[in-house]
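A closer look at the structure
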Amino acid sequence: NFLLYATTALLLSIIIMATTLLRQERVTVVVPGYTGSEFTISSKGVSREYLELVSRDVISTILNITPYNYDFCREKILKMTTPESYGKVKYDIEQMISDLKTRQISLRYTPISMELDEKKLEVDIGGYLTTYVGVKQTENIFGKYRIGFEYRGGILMLAEVREITKELVDKK
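Residues numbered from 1 in each chain as written. Predicted model: local features only at pLDDT ≥ 70, side-chain atom pairs only at ≥ 80, totals over all residues. Heavy atoms only, no water.

Two measures describe an aromatic ring pair: the distance that separates the ring centres and the angle between the ring planes. On inspection of all chains with the given rule, the structure shows two aromatic pairs. When the ring of Tyr 128 is compared with that of Phe 142, the centres are 5.3 Å apart and the planes differ by 70°; the resulting orientation is edge-to-face. Residue Tyr 128 is found in strand S4 (residues 122-133), and its partner Phe 142 is found in strand S5 (residues 136-152); the two are separated by 14 residues along the sequence. (Phe/Tyr/Trp six-rings, centres within 6.5 Å; stacked < 30°, edge-to-face > 60°. Helix = DSSP H or I, 4+ residues; strand = E, 2+ residues; numbered from the N terminus.)

Here is the structure:
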């Protein structure tokens, strides 16, 4: 009987400990040396700083593109896209790359503003999109883009990228 009670008590304590561990929030704090800021990723979500960093990476990858990095940019963006958005994002990127190849141009995007909605996991980025043919600048547009994310299993995934506004600043 004593062995039965001891085994039952041990089993109950293991179940209680396992339940407690599963309910605890897991937090990872990352402190890159080049920023001086810390980024937090937890089971509940990501910090504002991490959302900003990933958004800058996404917009830079999509809009700083040349004939030399088309494939790299396409693959990098598609790897971080949600399965539900994959088809649309792939189509949009393929259309953009096809247009850039046809017109033989490169793009450079210089962000100047960023508005974050941490609850919706949306970021609006405003900046200047400069178009080049070879080394000659052909136009400069102020554009605002919205990037939407989903947070799944500790991973911030790309759900959408779309242009909100566009205004020609300079045509050469």
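The next thing to look at is the pattern of salt bridges. All chains considered together, the criterion is met by 13 salt bridges. As a salt-bridge pair, Asp 92 and Lys 88 come within 2.8 Å of each other at their nearest N and O atoms. With Asp 92 and Lys 88 both in helix H4 (residues 86-103), this residue pair falls four residues apart, about one helical turn. Put simply, Glu 115 and Lys 144 hold a salt bridge, and the shortest N to O gap is 3.1 Å. With a gap of 29 residues between them, Glu 115 in strand S3 (residues 106-117) and Lys 144 in strand S5 connect regions that are remote in the sequence. Among the charged side chains, a salt-bridge network with shared partners connects Asp 71, Arg 74 and Glu 94. (Salt bridge = Lys/Arg side-chain N within 4 Å of Asp/Glu carboxyl O.)

Counting 31 residues, the largest nonpolar core has Leu 51, Val 58, Leu 63, Ile 77 and Phe 149 as its most contacted members. Of all elements in the fold, only helix H2 (48-63), helix H3 (70-79), H4, S3, S4, S5 and strand S6 (155-171) reach the threshold of two or more residues within this core. With six residues, the top contributor of residues to this core is H2. Ile 77 has contacts with Val 58, Thr 61, Ile 62, Val 89, Ile 93 and Leu 158, leaving out every residue within four places of it along the chain. (Core = buried A, V, L, I, M, F, W, Y, C linked by side-chain atoms within 4.5 Å. Buried < 20%, exposed > 50% of the residue type's maximum accessible area, 1.4 Å probe, protein only. Contact = heavy atoms within 4.5 Å.)

Attention shifts here to H4. Side chains that are three or four residues apart share a direction in an α-helix, a result of its 3.6 residues per turn. Look at H4: 26 Å from first C-alpha to last across 18 residues, which is about the 26 Å you get at 1.5 Å a residue. Where H4 is concerned, the buried positions are Val 89, Ile 93, Ile 97 and Leu 100. Across the axial projection of H4, the buried residues extend over an arc of 60°, all falling on one side. Within H4, the exposed residues directed more than 90 degrees away from the buried face are Lys 88, Tyr 91 and Thr 102. Gln 104 sits one or two residues past H4 and shows a positive phi near 55°. (Expected span 1.5 Å × (residues − 1). Arc of directions from axis to C-beta.)

Function cannot be read off these values alone, since they describe shape.
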